[in-house]
Amino acid sequence: MRTIHGSSFGAECAESTDTIATANNAQPPLSAWQAAAALRQRGELVVSDSGIFWLEFDPAVGGAVIVGLSDGETVRPGHTMQVRSRVNGYGGGALCAGAGCLYAVSEQHQVVRLGLNDGSQQALTRDHPGSYGGLVADNVRPRVLAVRESNGGQQLVAIDDRGHLAVLHQGQDFYGAPALSPDGRRMAWVSWQLPDMPWIHSTLWTAEINDDGVLFNARAWLPPVDASVQQPVFYGDALWLLSDHKGWWQPYRFLNHGGVGGWSPTDAPALDHASAPWQLGERHHCGLPEGGWVRVSYRQGVAELWLQAGASGPPERLASGYTDFRCVQSLGDHVYCIARSDATLDAVLKISAVTGVVEVVAGGEVPWEAWPVVRPQNVAIPADTGGGLAIQGFLYRPESRAGELPPLILIAHGGPTSTAYPVFNPQVQFWCQRGFAVAEINYRGSSGFGRDFRMALAGRWGEADVEDMGRAANHLAHLGLVDGDRVFIQGRSSGGYTALMALVLSDRFAGGASLYGVTDPLRLRAATHRFESGYLDWLLGAPEAFPERWQDRTPLNHAASITAPVVFFQGSLDRVVVPEQTRAMVAAIRATGGAPELHWFEGEGHGFRQQTSQAGAMEWLCSFYRKHSQNADVQADHLS
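It should be emphasised that the depicted structure is a prediction, and the values quoted were computed from it without experimental measurement.

### What about the sheet that holds strand β3 (residues 51-58)?
Strand order in the open sheet formed by four strands is β2-β3-β4-β5, with antiparallel pairing between adjacent strands. Here the strands that pair on one side only, and so sit at the sheet edges, are β2 (42-48) and β5 (73-75). Mean inter-strand twist for the sheet, computed between neighbouring axes without regard to direction, equals 25 degrees. Relative to strand β4 (residues 63-70), β3 runs antiparallel, the two being bridged by seven bridges. When the bridges of β4 are listed, Ile52 appears paired with Leu69.

So this is what it looks like as structure tokens:
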């Protein structure tokens, strides 16, 4: 076992490729350290009369700081203060803009007020072990609204600028970020109850707010059929939200007719207009003056941004060079968002709602000048005769010598209710520069393809996803795009589980990699955090009702069936997939005579944040794939 403490990592892969490049007088390939340095992400954009602000993740420090533009100048409110919400384990809504100030969630989980004029920092909360997220400024009072998580429960709260906290609503298991009307008189939010996840069943709530800031007439509204609702937003006085009760997350105007809820649809296409709500405060739509709007929709895994300038007229697609959009919001006659592409770093866009002109006001950098960026190919994998649905993915192909097919790294995304997006990923570029093709697959259960596709994984985790990953590997090999004898499967979190189950059920793969992956669902069910405590029952069925299914789909129970080489990566502080999951799996494979690799990362949680950890993982994965790719070549030659 190798352990990362934040100071060093193996360099076997870099040394071998640098030697080859030097011998051929060629440009040395991108190093793991350079690739990890490009993992600079931007998110949680907020706009106000004082400027626009966002969180910028810096891999060098392993955290996110506030960056903004005020009067055309770059500013850093809070200086080096790291900002991060941990509500539900995945956070979200850690930043919002008030009148002349920002509210942010500090690394210590508490709400801090940052004065934009005097540079002051004021801690508004000091309750431990409480944590906050889903921040929304109430400039009428003034105060900040938030989701508070403490002692195994959640509440909607308001915190004024003197640090006084008032509970606005409680009694629901989970709360989404609230939405506030412009006059401060109405509020809306989404809640959900265990064992559901928010993309399975959730409920809209509305309430009025009196002069003292207290809610009254709080009312729950169920959609017409069982559905997931998300992202309530006020367009002026009108309340809009996204609901999938007709099969897709589409925009609806919600109307309250004398205590009877009305869900007024639009002419939106039959596409998802949002992604799965893993984090609080996601924004994929907003209103514009004169009844206009801006919305994101997902078509075959690619996001599109659409604008309608007024209450009527044809919508116009904007910023078509980008492939994903987040944090969509408006201020005056402009729309702002975080945009991602397949070849540049995250950009902050400013878009004129009148002319549609798109301006990059921050970010959007070319990641490096020395190396070309490999662009993705959208691949459709047809349905099979056994009832499997058509699936989709993105293939990244390296430059290969004539007549040579590259080995393939097949990646199962996490979640599993998540999505693989065609956005710039320096780790993918790292593999491609070393001669590997990479394919990211949106198997059954992925979001962005409608409710039926998303729900197709219910009770079938470890089966349907594994089938789809195998189909993708076979299809790409059949098309002659990759070497079918040198296919590796890799996944993070739930994707690690998919990779391990694929190794259990098939000898299709030359090797596999599990990064903090699930190995024993039943034990994880008792140990994971509250947010996902009911998720496994949806994925596999209740264990008391389907004991054989849980037995059959537990990688730990079938360690002897894994004959391909496998490598594991695990953070010591992981609260989602607890470290014992990886320890037990490695021990079980070793007990059957296997020789798994284990790389342990002290101080890392569910997802590695430090640049040293990211680079180390890439180096060791590269060394693993290179070694076993060569072994697969030898075996293939022997069989032929």
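### Some thoughts on helix α3 (residues 426-433)
Counting buried positions over the eight residues of α3 gives seven, a clear majority of the element. Among all positions in α3, only Pro426, Gln427, Val428, Gln429, Phe430, Trp431 and Cys432 are buried. Sitting at the amino-terminal end of α3 is Asn425, which places a side-chain oxygen 2.9 Å from the backbone nitrogen of Gln427. Count one or two residues on from α3 and you reach Gly435, which has phi positive near 90 degrees.

### A short note on the nonpolar core
Core analysis: the largest hydrophobic core is formed by 75 residues, its most contacted members being Leu204, Leu395, Leu408 and Leu410. At seven residues, helix α6 (residues 494-505) tops the list of elements feeding residues into this core. Residues in contact with Leu395, not counting those within four places in the same chain, are Arg375, Pro376, Gln377, Val379, Leu408, Ala437, Val438, Ala439, Leu476, Leu481 and Val482. Among the nonpolar cores identified, the runner-up in size contains 37 residues, and Trp368, Phe436, Ala513 and Leu621 belong to it.

### Observations regarding the packing of helix α5 (residues 464-478) against α6
When two helices pack together, their arrangement is given by the angle between the helix axes and the distance between those axes. Relative to each other, α5 and α6 sit at 75 degrees, their axes nearing to 9 Å. With respect to their mutual orientation, α5 and α6 come out roughly perpendicular. Across the interface between the two elements, Asp465, Val466 and Met469 from α5 touch Thr498, Met501, Ala502 and Leu505 from α6. Residue composition of the contact of α5 with α6, grouped by class: five nonpolar, one polar and one charged.

### A short note on unusual backbone geometry
For residues other than glycine, phi is negative in most cases, and the peptide bonds are mostly trans. The residue after Leu194, namely Pro195, is reached through a cis peptide bond having omega 5 degrees. Mapped onto the elements of the fold, Pro195 is located in the loop between β16 (186-192) and β17 (203-209). In this model, Gly415 is joined to Pro416 through a cis peptide bond whose omega is 0 degrees. Mapped onto the elements, Pro416 comes out in the loop between β33 (408-412) and α3. The backbone of Asn217 sits at a positive phi, close to 55 degrees, despite the residue not being glycine. Its location among the elements puts Asn217 in strand β18 (residues 215-221). Here the phi dihedral of Gln300 falls at roughly 50 degrees; this positive angle occurs in a residue that is not glycine. Looking at the element boundaries, Gln300 is found in the loop between β24 (293-299) and β25 (302-308). By relative accessible area, Gln300 is classed as partly exposed at 44%.

### Here's the deal with the pairing of strand β30 (residues 358-363)
Bridge count between strand β29 (residues 347-352) and β30: five bridges; the pairing is antiparallel. Bridge pairing in β30 places Val348 opposite Ala362. Between β29 and β30, which pair antiparallel one after the other, the connecting turn spans five residues, and Gly356 there sits at a positive phi close to 80 degrees.

### A few points about the environment of Ser400
Mapped onto the elements of the fold, Ser400 is located in the loop between β32 (391-396) and β33. A sequence separation of 35 residues divides Ser400 from Gly435, and the C-alpha atoms of the two residues are 6.8 Å apart.

### Here we look at the pattern of salt bridges
Across all of its chains, the model carries 32 salt bridges by this definition. Glu56 is paired through a salt bridge with Arg42; the nearest N and O atoms lie 3.0 Å apart. Taken together, the residues span a long stretch of sequence, with Glu56 in strand β3 and Arg42 in strand β2 at a distance of 14 residues. For Glu56, a relative accessible area of 9% puts it in the buried group. Taking the relative accessible area as the measure of exposure, Arg42 reaches 9% and is therefore buried. The residue Arg471 makes a salt bridge to Asp384 at a minimum N-O spacing of 3.6 Å. Here Arg471 is found in helix α5, whereas its partner Asp384 is found in the loop between β31 (377-381) and β32, with 87 residues between them in sequence. With a relative accessible area of 13%, Arg471 lands in the buried category. A cluster of three or more residues bridged by salt bridges with shared partners is formed by Asp384, Arg444, Arg460, Glu463, Glu467, Asp468, Arg471 and Arg553.

### Some details on the environment of Leu481
Here Leu481 shows up in the loop between α5 and β35 (487-492). A relative accessible area of 10% places Leu481 in the buried class. Ignoring anything within four residues of it in the chain, the contact list for Leu481 reads Gln377, Leu395, Arg397, Leu405, Pro406 and Leu476.

### With respect to the packing of aromatic side chains
Counted according to the given criterion, the structure contains 29 aromatic pairs. Grouped by ring-pair contacts, the aromatic residues Tyr90, Phe174, Trp192, Trp199, Trp278, Phe531, Tyr535 and Trp538 constitute a single cluster. Of note, Arg219 hangs over the ring of Trp221, and the distance from its end group to the ring centre comes to 4.1 Å. Across the ring face of Trp249, the terminal group of Arg454 is positioned such that the distance to the ring centre comes to 3.9 Å.

### Describing the side chain of His273
Relative to the assigned elements, His273 resides in the loop between β22 (260-265) and β23 (285-287). Taking relative accessible area as the criterion, His273 reaches 5% and is therefore assigned buried. Polar side-chain contacts of His273 include one of 2.8 Å to the backbone oxygen of Leu271. Once you skip the residues sitting within four places of it in the chain, His273 turns out to touch Leu242, Trp249, Gln250, Pro251, Ala268, His284, Arg295, Val296 and Ser297.

### Quick look at the pairing of β2
Along β2, six of the seven residues are buried, which leaves the element largely enclosed by surrounding structure. In the sheet, β2 pairs with β3 via five bridges, with the strands oriented antiparallel. By the bridge assignment, Ser48 is partnered in β3 with Gly51. The turn linking β2 back onto β3 is made up of two residues.

Definitions and limits used
- Residues numbered from 1 in each chain as written.
- Predicted model: local features only at pLDDT ≥ 70, side-chain atom pairs only at ≥ 80, totals over all residues.
- Heavy atoms only, no water.
- Pairing = 2+ DSSP bridges.
- Helix = DSSP H or I, 4+ residues; strand = E, 2+ residues; numbered from the N terminus.
- Axes fitted to C-alpha atoms, helices over the stretch in contact; angles between N-to-C directions.
- Buried < 20%, exposed > 50% of the residue type's maximum accessible area, 1.4 Å probe, protein only.
- Polar contact = N/O pair within 3.5 Å; in protein donor to acceptor, adjacent residues only side chain to side chain.
- Core = buried A, V, L, I, M, F, W, Y, C linked by side-chain atoms within 4.5 Å.
- Contact = heavy atoms within 4.5 Å.
- Parallel < 35°, antiparallel > 145°, perpendicular 65-115°, else oblique.
- Nonpolar A, V, L, I, M, F, W, Y, C, P; charged D, E, K, R; others polar.
- Salt bridge = Lys/Arg side-chain N within 4 Å of Asp/Glu carboxyl O.
- Phe/Tyr/Trp six-rings, centres within 6.5 Å; stacked < 30°, edge-to-face > 60°.
- Lys NZ or Arg CZ within 6 Å of the ring centre and 35° of its normal.

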